[in-house]
Amino acid sequence: MKILIAVDGSELALDAVHHALTLVRAGLRASFVLAHVQEPASLYELVTTRDPDLIAAAAREAGMDLTAPARALLDAAAVEYTTEIRMGAAANTLVDILEETACDLALVGARGLGGLRGALLGSVSQALVHESPVPVTIVKHAPAAE
């Protein structure tokens, strides 16, 4: 089984990683695709940089920084995974990654680092549920123990 875990650098997105590791500890044998999607470059960035390779390199570096906590958790658990960092509309790009990597399932936190509206509605997770060709598990944030 191959499972996509969508991460955006937020603590809430790490809930999906923790859930995946819980499944592994329960006996699930799977490999993972850690997926991160950067927003496309702004018009300002395109005009001032004028070098698409620099923009892509900056997006890749930002994606690596934002996925570092998730990669550290998977590395510590000695779990097999690959990392996919792309630019584009989050839900659509995640669907592309699901299809290209032949994933059987997607795990995503209920909310992440989207804008205020996205944070309130969990818009990426909702859109992914509607667009995904495979089942999607939305992992709700567990309240902190008192």
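Residues numbered from 1 in each chain as written. Predicted model: local features only at pLDDT ≥ 70, side-chain atom pairs only at ≥ 80, totals over all residues. Heavy atoms only, no water.

Asker: Would you mind going over the pattern of salt bridges in detail, with residue names and values included?
Answerer: If you walk through the whole model with that rule in mind, you get 2 salt bridges. Between Arg 86 and Glu 84 there is a salt bridge whose closest N-O contact spans 3.0 Å. The closest approach of N and O atoms between Arg 86 and Glu 100, which form a salt bridge, is 2.7 Å. Of this pair, Arg 86 sits in strand β3 (residues 81-87) while Glu 100 sits in helix α4 (residues 90-100), and the two are 14 residues apart along the sequence. Each of the salt bridges in this network shares a partner with another, and the network as a whole consists of Glu 84, Arg 86 and Glu 100. (Salt bridge = Lys/Arg side-chain N within 4 Å of Asp/Glu carboxyl O. Helix = DSSP H or I, 4+ residues; strand = E, 2+ residues; numbered from the N terminus.)

Asker: Could you give an account of the sheet that holds β3, with specific residues and numbers?
Answerer: Note on sheets: strands pair through backbone hydrogen bonds, and any given pair is parallel or antiparallel. On the basis of which strands lie adjacent, the open sheet formed by 5 strands has the order β3-β2-β1-β4-β5 and parallel pairing. Two strands in the sheet have a free side with no partner beyond their single neighbour: β3 and β5 (136-139). Averaged over all pairs of adjacent strands, the angle between strand axes in this sheet comes to 20°, irrespective of strand direction. Inspection of the sheet shows strand β2 (residues 31-38) paired to β3 by 7 bridges, in the parallel sense. Residue pairing across strands places Ala 35 opposite Glu 84, the latter belonging to β3. (Pairing = 2+ DSSP bridges. Axes fitted to C-alpha atoms, helices over the stretch in contact; angles between N-to-C directions.)

Asker: Talk me through unusual backbone geometry; I want residue IDs and the actual numbers.
Answerer: Across residues other than glycine, the phi torsion is negative in most instances, and most of the peptide bonds are trans. Non-glycine residue Ala 78 carries a positive phi angle of around 55°. Its place among the elements puts Ala 78 in the loop between α3 (52-76) and β3. Here Ala 78 falls in the exposed class, since its relative accessible area comes to 70%. Of note, Ala 102 is a non-glycine position whose phi angle comes to about 55°, a positive value. Note on placement: Ala 102 falls in the loop between α4 and β4 (105-109). (Buried < 20%, exposed > 50% of the residue type's maximum accessible area, 1.4 Å probe, protein only.)

Asker: Could you give an account of α4, naming the residues involved and the relevant values?
Answerer: For α4, the complete set of buried residues consists of Ala 91, Thr 93, Leu 94, Val 95, Ile 97 and Leu 98. Downstream of α4 by one or two residues, Ala 102 has phi in the positive range, about 55°.

Asker: Could you give me a rundown of the environment of Ala 106, with the residues and numbers involved?
Answerer: Tracing the chain through its elements places Ala 106 in strand β4. Accessibility expressed as a relative area gives 0% for Ala 106, which makes it buried. Taking the C-alpha atoms as reference, Ala 106 lies 8.9 Å from Lys 2; in sequence the two are 104 residues apart. Filtering out sequence-adjacent residues up to four positions away, Ala 106 remains in contact with Leu 4, Leu 98, Leu 128, Val 134, Pro 135, Val 136 and Thr 137. (Contact = heavy atoms within 4.5 Å.)

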